[in-house]
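# Working through the structure, step by step
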Amino acid sequence: MIGWLQGDITDPWQHDKRCGLLLVCGGVGYEVQVSQRQWQRLPPQGGSLGLHIHQSIREDGWTLFGFAERQERDLFRELVAVSGVGPQMALGLLGVLEPTALVLAIVQADLRQLCQAPGVGKRTAERLAVELRVRLQERFLGGPGPGGEAELEPLPALSDGSRDDLHATLAALGYEGLEIHRAVRGVAAQGLAADASAEEWIRCCLRWLARSAA
């Protein structure tokens, strides 16, 4: 498995939204894809460059992705582990946001920032926030920050039937997953019991959502 390459830049290229270069190491040229932000910062052709590498192996071929910093490569690996986020979308996110800014956007569920990346819609941005916020907070930011503990609290243990009815009803009314998650947590913080009826949870969540939108 290739984890690091250092060599001379040859033939930097850009096709549509993909960017890359040929990195010649000891007489062997490796085709490496990089983010647009990384591509814009490349040294002149012929210059020396070292990159941390993520190697993707699929039936239709091997692909190398290069990153200036190990932290950026590790963040890329976290991103592509999320369902629906492929390597090109992950590179797109890293192309528009510096690694630290991207981690903060995910941890803080800043959907507007995340949706700046090509191909990232609101639902994908929500999925990133829901699935990665705790892990990225712990791995890259050293644990919960100011207000982090409240933001990362688990949802109350509703019965399976009540939880399904609640999510189905609010989703049918046009609310997204992250909005529903916040509403349930907010209502629980106001003291509604976990064993209250689904109808009561729906009414209280709608009131909470209406107040938060005001």
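Our structure is the block above this text.
Residues numbered from 1 in each chain as written. Predicted model: local features only at pLDDT ≥ 70, side-chain atom pairs only at ≥ 80, totals over all residues. Heavy atoms only, no water.

On to the overall build of the protein chain, then. Within the protein chain one finds 10 helices and five strands. Counting across all 214 residues of the protein chain, residues that qualify as buried make up 41%. Carbon and sulfur atoms make up 50% of the accessible area of the protein chain, which totals about 11400 Å². (Helix = DSSP H or I, 4+ residues; strand = E, 2+ residues; numbered from the N terminus. Buried < 20%, exposed > 50% of the residue type's maximum accessible area, 1.4 Å probe, protein only. Areas by Shrake-Rupley, 256 points an atom, 1.4 Å probe, with all protein chains shown as cover.)

In this section: the sheet that holds strand S3 (residues 28-34). A barrel is described by the order of its strands in space; here five strands give the closed sequence S1-S2-S3-S5-S4, paired in mixed fashion. Averaged over all neighbouring strand pairs, the angle between strand axes comes to 50°, with direction disregarded. Examined bridge by bridge, strand S1 (residues 4-15) and strand S4 (residues 48-58) share five bridges and lie antiparallel to one another. Pairing of Trp4 across the sheet is with His52, part of S4. Across the sheet, helix H2 (residues 70-80) is in contact with S4 and strand S5 (61-67); its angle to S4 comes to roughly 15°. With respect to the sheet, helix H3 (residues 87-96) is in contact with strand S2 (18-25), S3 and S5, its orientation differing from that of S5 by roughly 10°. (Pairing = 2+ DSSP bridges. Axes fitted to C-alpha atoms, helices over the stretch in contact; angles between N-to-C directions. Contact = heavy atoms within 4.5 Å.)

A few words now on the packing of helix H4 (residues 99-107) against helix H6 (residues 122-140). Relative to each other, H4 and H6 sit at 125°, their axes nearing to 7 Å. Classified by the interaxial angle, the pair formed by H4 and H6 is oblique. For the crossing formed where H4 meets H6, the hand is left-handed. Judged by residue contacts, Val103, Ile106 and Val107 of H4 engage Leu128, Ala129, Leu132, Arg133, Leu136, Gln137 and Phe140 from H6. Taken together, the residues that form the contact of H4 with H6 break down as eight nonpolar, one polar and one charged. (Parallel < 35°, antiparallel > 145°, perpendicular 65-115°, else oblique. Left-handed = near helix turned anticlockwise from the far one by under 90°. Nonpolar A, V, L, I, M, F, W, Y, C, P; charged D, E, K, R; others polar.)

Right, let's talk about the environment of Gly20 for a bit. Here Gly20 shows up in strand S2. For Gly20 and Gln38, which are 18 residues apart along the polypeptide, the C-alpha to C-alpha distance reads 9.2 Å. Excluding anything up to four places from it in sequence, Gly20 contacts Pro12, Trp13, Val32, Gln33, Val34 and Trp39.

Our next topic: unusual backbone geometry. A positive phi is found at Asp16, a non-glycine position, where the angle reads about 55°. Relative to the helices and strands, Asp16 resides in the loop between S1 and S2. Here the phi dihedral of Ala109 falls at roughly 55°; this positive angle occurs in a residue that is not glycine. Structurally, Ala109 is set in the loop between H4 and helix H5 (111-114). On the basis of relative accessibility, which here comes to 8%, the residue Ala109 falls in the buried class.

Our next topic: the pattern of salt bridges. Oppositely charged side chains may form a pair once their charged atoms are brought near each other. On inspection of all chains with the given rule, the structure shows nine salt bridges. A salt bridge links Asp60 to Arg58; the shortest N-O distance between them is 3.9 Å. For the pair Asp60 and Arg58, one class covers both residues: exposed. The partner of Asp74 in a salt bridge is Arg139, with the nearest N and O atoms 3.4 Å apart. In this pair, Asp74 sits in helix H2 while Arg139 sits in helix H6, placing the two residues 65 residues apart along the sequence. Several salt bridges converge on common partners, so that one network encompasses Arg73, Asp74, Glu78, Arg135 and Arg139. (Salt bridge = Lys/Arg side-chain N within 4 Å of Asp/Glu carboxyl O.)

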